[in-house]
Amino acid sequence: ALFYDFHTMTACPDVGAAFDADAFADRIQACGVDFVTFHARCNQGNAYYNTRAGTRHPSLTFDLFGELSRACTERGIALGAYFNVCLSHHEAVQHREWTVITPDGYMYKPDRLNPFFRSLCYNTGYGEHILAMAREVVAEYPIAGLFLDGMVSFCPCVCPTCAAEMADLG
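Summary of the structure given here. The model shown is predicted, which means the values in this text are computed figures rather than measured ones.

Cut-offs applied
Residues numbered from 1 in each chain as written. Predicted model: local features only at pLDDT ≥ 70, side-chain atom pairs only at ≥ 80, totals over all residues. Heavy atoms only, no water. Helix = DSSP H or I, 4+ residues; strand = E, 2+ residues; numbered from the N terminus. Buried < 20%, exposed > 50% of the residue type's maximum accessible area, 1.4 Å probe, protein only. Areas by Shrake-Rupley, 256 points an atom, 1.4 Å probe, with all protein chains shown as cover. Lys, Arg positive; Asp, Glu negative; His and termini not counted. Charge placed at Lys NZ, Arg CZ, Asp CG, Glu CD. Axes fitted to C-alpha atoms, helices over the stretch in contact; angles between N-to-C directions. Parallel < 35°, antiparallel > 145°, perpendicular 65-115°, else oblique. Left-handed = near helix turned anticlockwise from the far one by under 90°. Contact = heavy atoms within 4.5 Å. Pairing = 2+ DSSP bridges. Right-handed = clockwise from strand over helix to strand, strands pointing away. Core = buried A, V, L, I, M, F, W, Y, C linked by side-chain atoms within 4.5 Å. Arc of directions from axis to C-beta.

Details of the overall build of the chain
Argument step 1. The helix and strand inventory of the chain stands at five helices and six strands.
Argument step 2. Reading the chain from its N terminus to its C terminus gives the helix and strand order β-α-β-β-β-α-β-α-α-β-α.
Argument step 3. Across the 170 residues in the chain, those meeting the buried criterion constitute 46%.
Argument step 4. Summed over all atoms, the accessible surface of the chain reaches about 8,600 Å², with 57% contributed by carbon and sulfur.
Argument step 5. Here the chain contributes 11 positive and 19 negative side-chain charges, whose respective centroids are spaced 4 Å apart.

The following block contains the structure:
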């Protein structure tokens, strides 16, 4: 099995421009890999497939995940779709109402060098957004499963949605 881990900043130009799905699949098959987990969505909030629910990486000009899916299927290599779900810097900027608010009142924690300085709350519209992205990948590609990374809560959230739910629960 191979877990291919990458998170590509939105400002990176030419993402995937030199990616050859057939050559990649041939290389991993030659190594004896029969299962690979590859990013459908990274911690920047960028998708590597033609999404309707999310945002494809702005410099990606083709369906990278789809090409890899095709190449792996042709070689009998099972493909898992990686989704980072706790972090999404792009969506945290676009939808501040989805961002976790810490008990100290921070949307952006003081340690800005920590990759978890801002995270997203599953109780907001973000939860349905992630589900919509996962549903489209499951429906569009012959994947063997989902790897939902970062499902933990790094701190309690007191955003308006969570505070209302806590109040309802007493």
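Re the packing of helix α1 (residues 21-30) against helix α2 (residues 64-74)
Geometry of a packed helix pair, given as the angle between the helix axes and the separation of the axes.
Argument step 1. Between α1 and α2, the shortest axis-to-axis distance is 9 Å and the interhelical angle comes to 45°. If you check the angle between α1 and α2, you find them oblique. The two elements α1 and α2 meet at a crossing, and its hand is right-handed. Of α2, the residues touching α1 (which contributes A21, D22, F24 and A25) are E67, L68, R70, A71, C72 and E74.

Notes on the pairing of strand β2 (residues 35-41)
Argument step 1. Buried residues dominate β2, accounting for six of its seven residues.
Argument step 2. Sheet topology note: the strand β1 (residues 2-3)/β2 ladder contains two bridges and is parallel. Note on β2: the bridge partner recorded for F3 is T37.
Argument step 3. For the crossover from β1 across α1 to β2, the handedness is right-handed.
Argument step 4. Here β2 pairs with strand β5 (residues 78-84) via six bridges, running parallel. Each bridged residue has a counterpart across the sheet, and for F35 the counterpart in β5 is A78.

Brief notes about the nonpolar core
Within soluble globular proteins, side chains that are nonpolar tend to cluster in buried spots.
Argument step 1. Among the nonpolar cores identified, the biggest contains 31 residues, and F38, Y49, F65, F83 and V137 are the most heavily contacted of them.
Argument step 2. Only α1, β2, α2, β5 and α4 (125-140) provide two or more residues apiece to this core.
Argument step 3. Apart from residues no more than four positions distant in its own chain, V137 is found in contact with A40, Y49, F65, A81, F83 and I143.
Argument step 4. With six residues, the next largest nonpolar core counts V100, C155, C157 and C162 among its residues.

A word on the environment of T102
Argument step 1. Residue position: T102 is located in the loop between α3 (89-94) and α4.
Argument step 2. It is 9.6 Å that separates the C-alpha atoms of T102 and R118, two residues lying 16 residues apart in sequence.
Argument step 3. Those residues in contact with T102 that sit more than four places away from it in its chain are K109, C155, P156 and V158.

Quick look at α1
Argument step 1. Those residues of α1 that sit buried are A21, F24, A25 and I28. Down the axis of α1, the sector holding all buried residues measures 95°, keeping them to one side. Exposed residues on α1 whose side chains face more than 90 degrees from its buried face are R27 and A30.
Argument step 2. Those residues of α1 hidden inside the fold are in contact with β1, β2 and α2.
Argument step 3. G32, located one to two residues past α1, shows a positive phi value of around 90°.

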